[in-house]
Amino acid sequence: VFAFGSSAWCLAMIFYRSAPPEHALLAAKLLYVSPVVTPTAFLLFGLFFPNEKVNKKIIFSVILCTLFIATLTLTKNTVVTDVISPAVGEKIIIFGWAYYAFYIFYYPTFFFLGYYIFLKKYFRAKGNIKKQLLCLMIGTALGSFPGMVTCLIFGTFGVFEYRWLGSVSTSFWTGGVY
């Protein structure tokens, strides 16, 4: 699921960057919906790792939140409402702030919960599991933090020039998980 989310995001970035103005809105929606599975997979992985049983209500709640965010992202005039394609420079994504607030809350919350779970498990673990957890946290942090900063935080404030760095950082993310 991690590889799918990372790959989908990278492919969506290529589609978005190369999309003509008439397809820019669809490309932007795909760019924002494609990585939705990544924080969900991270959180679920944290819950299940190394071989934990997880309450089905928690799993259902996490998946339901993800489906809500994905649906919201693809719905007309919600998260991404328009794209301005200037003759020179980066495309400018216009957000529907009432709905975008859900989007920008979802990502850091799911990542924070995932890191919190991994950190709790790290302090209780011993031996190889402890080493695996440390490698996992460092590797995923090297991928998730640059992605959230350059795409989510900078994008929120209209700074889109560094969005490519988020896609590049997915190689660290994938490496950290595997």
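The paragraphs below set out a description of the structure included in this document. Within each chain, residues carry numbers counting from 1 in the order of the written sequence. In view of the model being predicted, local features appear only for residues whose pLDDT reaches at least 70, and side-chain atom pairs are presented and counted only at 80 or more, with totals across whole chains, interfaces and linings using the full set of residues. Side-chain metrics in this entry use all non-hydrogen atoms of the structure; hydrogen atoms and water are not considered.

## Section: the side chain of Thr150
- A run of DSSP states H or I qualifies as a helix once it reaches four residues; a run of E qualifies as a strand once it reaches two. Both are numbered from the N-terminal end. If you trace the backbone, Thr150 turns up in helix α6 (residues 127-156).
- Counted as a polar contact is a pair of N or O atoms within 3.5 Å, where, for protein atoms, one must be capable of donating a hydrogen and the other of accepting one, and residues adjacent in sequence contribute only when both atoms are in side chains. Here the side chain of Thr150 touches Pro146 through a polar contact of 2.7 Å, landing on its backbone oxygen.
- Excluding residues within four positions of it along the chain, Thr150 makes contact with Gly155, Val159, Tyr162, Arg163, Leu165 and Gly166. Contact between two residues is taken to exist if any of their heavy atoms lie within 4.5 Å; hydrogens are not considered.

## Details of the nonpolar core
- Judged by nonpolar contacts, the single largest core of 46 residues is most densely connected at Tyr16, Tyr32, Val36, Ile93 and Tyr103.
- Elements supplying a minimum of two residues to this core: α1 (2-18), α2 (24-33), α3 (37-48), α4 (56-74), β1 (80-84), β2 (92-95), α5 (97-124) and α6.
- The dominant element in this core, judged by the number of residues it contributes, is α5, at ten residues. Here, nonpolar core refers to any group of buried Ala, Val, Leu, Ile, Met, Phe, Trp, Tyr and Cys residues whose side-chain atoms link them within 4.5 Å. With a 1.4 Å probe rolled over the protein chains alone, any residue whose accessible area is under 20% of its type maximum counts as buried; one over 50% counts as exposed, and the rest are partly exposed.

## Structural notes on the pairing of β2
- Burial of β2 is one-sided: the residues Ile93 and Phe95 facing one way are buried, the residues Ile92 and Ile94 facing the other way are not.
- Each pair of strands is called paired provided DSSP finds at least two bridges between the two strands. In this structure, β1 lies alongside β2, joined through four bridges in antiparallel fashion. For Val80, the partnering residue across the bridge sits in β2 and is Phe95.

## Considerations on the packing of aromatic side chains
- Each Phe, Tyr or Trp ring (for Trp, its six-membered ring) is paired with any other whose centre lies within 6.5 Å, and the angle between the two planes then decides the class: stacked below 30 degrees, edge-to-face above 60, tilted in between. Within the structure shown, the criterion is met by 21 aromatic pairs.
- Aromatic pair Phe95 and Trp97: ring centres 5.9 Å apart, planes at 70°, arrangement edge-to-face.
- Judged by its relative accessible area of 47%, Trp97 is partly exposed.
- Seen in terms of ring centroids, Phe112 and Tyr116 are 6.3 Å apart; in terms of plane orientation they differ by 20°. Their pairing is stacked. Of this pair, Phe112 and Tyr116 both sit in helix α5, four residues apart, which is roughly one turn of the helix.
- What makes Tyr116 partly exposed here is its relative accessible area of 44%.
- Only Lys NZ and Arg CZ are tested; either one counts as a charge over a ring when it is within 6 Å of the ring centre and within 35 degrees of the ring normal. In this structure, Lys91 packs its charged tip against the face of Tyr16, placed 4.9 Å from the ring centre.
- Cation over ring: Lys130 sits above Tyr122, and NZ or CZ is 4.6 Å from the ring centre.

## Considerations on α5
- For a helix, the expected span equals 1.5 Å multiplied by the number of residues minus one. In a regular helix each residue adds 1.5 Å, so 28 residues correspond to 40 Å; α5 covers 41 Å between its end C-alpha atoms and thus fits that length.
- Among all positions of α5, only Tyr100, Tyr103, Tyr106, Tyr107, Phe110, Phe111, Gly114, Tyr115, Ile117, Phe118, Lys121 and Tyr122 are buried.

## Here we look at the environment of Cys151
- Its location among the elements puts Cys151 in helix α6.
- Under the relative-accessibility criterion, Cys151 is labelled buried at 9%.
- As for Cys151 and Ser167, which are separated by 16 residues in sequence, their C-alpha atoms are 8.8 Å apart.
- Cys151 has contacts with Trp9, Tyr32, Pro146, Thr156, Arg163 and Gly166, leaving out every residue within four places of it along the chain.

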